[in-house]
Amino acid sequence: MERYYQPEIECASREQILAWQNERLVKQVQHVWDNVPYYRKKMEAKGLTPADIKGVDDLHKLPFLSKADLREAYPYGLVGMPLKDCVRIQSTSGTTGKRVVAFYTQHDIDLWEDCCARAIVAAGGTNEDVCQVSYGYGLFTGGPGLNGGSHKVGCLTIPTSSGNTERQIMFIRDLNATILCCTPSYAAYIGETMRDMGLTPDQIPLKAGIFGAEAWSEEMRQDIQNTLGIKAYDIYGLTELSGPGVSFECSAQSGMHINEDHFIAEIIDPDTGEVLPEGSQGELVFTSITKEAFPLLRYRTRDICSLSREKCPCGRTHVKMVKPKGRTDDMLIIRGVNVFPSQIETVLLNYGYPANYQIIVDRVKSTDTLDVHVEMTPEMFTDNLGEVSRRQDELVDGLRSMLGLAAKVTLVAPKSIVRSEGKAVRVIDRRKI
Amino acid sequence: MSLKQISVFLENKPGTLHAMTTALAQNGVDMRALSLAETKDFGIVRLIVDNVYDATTVLKDAGFIHSLTPVLGVMIPDEPGGLNQVLQVLNEAAVNVEYMYAFLGGADADHAYMIFRVQDGEAATAALTAHGIRLVDQDEVAGL
Ligand SMILES: [Zn+2]
């Protein structure tokens, strides 16, 4: 039977959800107008006052916020509460330029932890479970978010943080951890290490995993589920909006329910900023309607995905977002073609190679080159040179048909690609542009 | 009667072959024959050793991917036309040779040794034996 952490919210009627959104949006716009001069100026530039926003239907009138705004307003420019009322910051390493620093009141943390608790219960968690949080603790939101959610559910929480894989495995086995929370690449690494130790899935007490903070493919999910003998659930979030738990997967494992009582989602055309009709693929934009300390309106995530309001068998009524193909930040443009690392991962797993890979982009004589480093596995190795070359060619063909682009495949020694304990380094771009 | 050849995957990077031979040497594994096949991207090293179990354990611990392949160790009369005679027998028996390489030698001055990888090991063994050509087994290799 499906269980919910807050059934009256998670299974509320559409009308109820919309009523909450209308009411909270109006209130939030007033709060921002009164307390965030940076955004008020943006509204004024468009000739808007809070009176123009009467509900969700007026949302499209509001100006966007982007990563560039966060940089410009760093560190306090978007804070909506006096600092004496803020109790925490979390921060994320910007791949470009300044770090993002987000602020929280105690109330913000409380709601964020509720969102994470919803995700844990959706993955089957109860107070009988032992939940190991192997996300990094500290400035990164992964550890603190899931830790708080796990407490709310009442799980026995093991705050291992990331790293020291042998110790991770020791705790999983000795304390019978049933739920694992970490990045998908670290989950894959833990699984690989356990397999090398000769452990079979039935000797691993884990039953579920909640994995997020990086884009991962459906094939990688299957891989992790098979090695660890678990069900692997996706979780999504951004530090700018709170952290993990903005949306999460349910037992249907087909898209993540967005916590619509806290966030309003829109899909826009990334080039024109126009709101796209329901079901279209485009850039995901979030409006935070309950956050006090860091109330972002129409924040552009740069994640490319689509939304679906199709009825979900789990009984939750909140809109679902498909797994993002990747962030527009992760997207590589190679010889004018858009390439997401997750597409390459899909091809590798389809051809029986491990999901541990590295993409090296370079520019030789003003032409971009794409070199995919893949680790050789005992299963893929044979004494026959021609056969190994044939498999290599097969992979090159597979990549060409997926990406529409010629890539080189380099087979490298096992374990020669550095394993990550947090987010994996998938791309090395040597182009000097 | 076949020998167990160890085939090892080598990344095409300077020093990988040396890293492998160092690992074997440090653990007292003695190589009797070695051949390297490579493309521009990667290589396969083929080895005949005195102790297959020890060698594969060492390779596994050092992180080298390998597989075992049955091959024939053939004693070739050390006289003009010796190799030609062996190939002729195999040819007449319609046995296809995938690759072959020389053995590092032994105490027997009258014979040379060669390793043959053939498609049909049983047919090759039968044909060679019928023509009085001797094959060596794993124990003999260890003692050579
Ligand atoms: Zn659902």
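Residues numbered from 1 in each chain as written. Chains lettered and ligands numbered in written order. Predicted model: local features only at pLDDT ≥ 70, side-chain atom pairs only at ≥ 80, totals over all residues. Heavy atoms only, no water.

(A) Spotlight on the overall build of chain B. On a plain count of helices and strands, chain B comes out with five helices and seven strands. Traced from its N-terminal end to its C-terminal end, chain B shows the element sequence β-α-β-β-α-β-α-β-β-α-β-α. Scaling as 2.2 N^0.38, a compact globule of 144 residues should have a C-alpha radius of gyration of about 15 Å, and chain B matches this with 16 Å. Referenced to the eigenvectors of the C-alpha coordinate spread, the extents of chain B come out at roughly 45 × 30 × 25 Å. Relative to its full complement of 144 residues, chain B shows a buried share of 45%. Counted over contacts in chain B with a minimum sequence separation of 6, partners at least 24 positions apart contribute 70%. Of the accessible surface of chain B, which amounts to about 7200 Å², a share of 51% is contributed by carbon and sulfur atoms. (Helix = DSSP H or I, 4+ residues; strand = E, 2+ residues; numbered from the N terminus. Rg over C-alpha atoms; globule rule 2.2 N^0.38 Å. Buried < 20%, exposed > 50% of the residue type's maximum accessible area, 1.4 Å probe, protein only. Contact = heavy atoms within 4.5 Å. Areas by Shrake-Rupley, 256 points an atom, 1.4 Å probe, with all protein chains shown as cover.)

(B) Broad picture of the overall build of chain A. Counting its secondary structure elements, chain A contains 11 helices and 20 strands. Its C-alpha atoms give chain A a radius of gyration of 22 Å, within 12% of the compact-globule value 22 Å for 433 residues. Counting all 433 residues of chain A, 57% fall into the buried class. Taking the contacts inside chain A whose residues are at least 6 apart along the sequence as the reference set, 66% of them involve residues at least 24 apart. A total of about 17800 Å² of accessible surface is found on chain A, and carbon and sulfur atoms cover 51% of it. On chain A, the mean spot of the 49 positive side-chain charges and the mean spot of the 57 negative ones are 4 Å from each other. (Lys, Arg positive; Asp, Glu negative; His and termini not counted. Charge placed at Lys NZ, Arg CZ, Asp CG, Glu CD.)

(C) Structural view of the coordination of the zinc ion. Residue and element names in this part refer to chain A. Ligation of the zinc ion by protein atoms is provided by Cys 250 (SG), His 257 (NE2), Cys 312 (SG) and Cys 314 (SG), these donors lying 2.1 to 2.2 Å from the ion. Coordination geometry of the zinc ion: the four donor atoms subtend angles of 103 to 113° at the metal centre, consistent with an arrangement described as tetrahedral. All donors of the zinc ion belong to a single chain; written as a sequence motif, their spacing is C-x6-H-x54-C-x1-C. The residues Cys 250 and His 257 share a single accessibility class, namely buried. (Donors = N, O, S within 2.8 Å, 3.2 Å for Na, K, Ca; no water. Tetrahedral: all angles 85-135°; square planar, octahedral: opposite > 155°, others 65-115°.)

(D) Geometry of the pattern of salt bridges. Residues and elements named next belong to chain A. Scanning all chains against the criterion turns up 32 salt bridges over all chains. A salt bridge links Glu 394 to Arg 390; its shortest N-O distance comes to 3.0 Å. Placement of both Glu 394 and Arg 390 in helix α11 (residues 385–403) is noted, with a separation of four residues, approximately one turn of the helix. On the basis of relative accessibility, which here comes to 41%, the residue Arg 390 falls in the partly exposed class. (Salt bridge = Lys/Arg side-chain N within 4 Å of Asp/Glu carboxyl O.)

(E) Expanded view of the packing of helix α8 (residues 184–196) of chain A against helix α9 (residues 218–228) of chain A. Residues and elements named next belong to chain A. At a minimum axis distance of 9 Å, the contact between α8 and α9 shows a crossing angle of 35°. For the crossing formed where α8 meets α9, the hand is left-handed. Contacts between α8 and α9 pair Pro 184, Ser 185, Ala 187, Ala 188, Gly 191, Met 194 and Arg 195 from the former with Met 220, Ile 224, Thr 227 and Leu 228 from the latter. Its residues assigned to classes, the contact of α8 with α9 comprises seven nonpolar, three polar and one charged. (Axes fitted to C-alpha atoms, helices over the stretch in contact; angles between N-to-C directions. Left-handed = near helix turned anticlockwise from the far one by under 90°. Nonpolar A, V, L, I, M, F, W, Y, C, P; charged D, E, K, R; others polar.)

(F) A look at the packing of aromatic side chains. All names here are of chain A. One pass over the structure, following the stated rule, counts 11 aromatic pairs over all chains. The interplanar angle of 40° and the centroid separation of 6.2 Å between the aromatic rings of Phe 103 and Phe 294 together place this pair among those described as tilted. Here Phe 103 is found in strand β2 (residues 100–105), whereas its partner Phe 294 is found in the loop between β11 (282–288) and β12 (299–305), with 191 residues between them in sequence. Here the two residues Phe 103 and Phe 294 agree in accessibility, since each one is buried. (Phe/Tyr/Trp six-rings, centres within 6.5 Å; stacked < 30°, edge-to-face > 60°.)

(G) Region of interest: the interface of chain A and chain B. With 18 residues of chain A at the contact, the number on the chain B side is 19 residues. Overall, the association of chain A and chain B removes approximately 1400 Å² of surface from exposure, summing both partners, and the carbon and sulfur fraction of that is 65%. When the buried area of chain A at its contact with chain B is split by residue, Phe381(A), Asp383(A) and Leu385(A) rank highest and sum to 49% of it. On the surface where chain A and chain B come into contact, there are two salt bridges. Ionic pairing is found between Asp383(A) and Arg46(B), a salt bridge with its closest N-O pair at 2.8 Å. For the pair chain A and chain B, the interface holds six residue pairs in polar contact (both at pLDDT 80 or more). Elements represented by at least two residues in the side of chain A that touches chain B include exactly α11 and β19 (408–412) of chain A. (Buried area = accessible area lost by both parts, 1.4 Å probe. Polar contact = N/O pair within 3.5 Å; in protein donor to acceptor, adjacent residues only side chain to side chain.)

(H) Spotlight on the domain arrangement of chain B. Residues and elements named next belong to chain B. Segmentation of chain B into domains returns domain 1 (3–69) and domain 2 (71–143). Taken over C-alpha atoms, the centre of domain 1 sits 22 Å from the centre of domain 2. The partner domain 2 presents 14 residues to the 15 residues of domain 1 that form the contact. The largest contributions to the domain 1 side of the interface with domain 2 come from Leu 3, Arg 32 and Thr 69, which together make up 48% of the buried area. For the interface between domain 1 and domain 2, the tally reads zero salt bridges. Seen at the junction of domain 1 and domain 2, the total is seven residue pairs in polar contact (both at pLDDT 80 or more). Across the side of domain 1 that touches domain 2, the residue classes tally to eight nonpolar, three polar and four charged. (Domains from an automatic or database assignment.)

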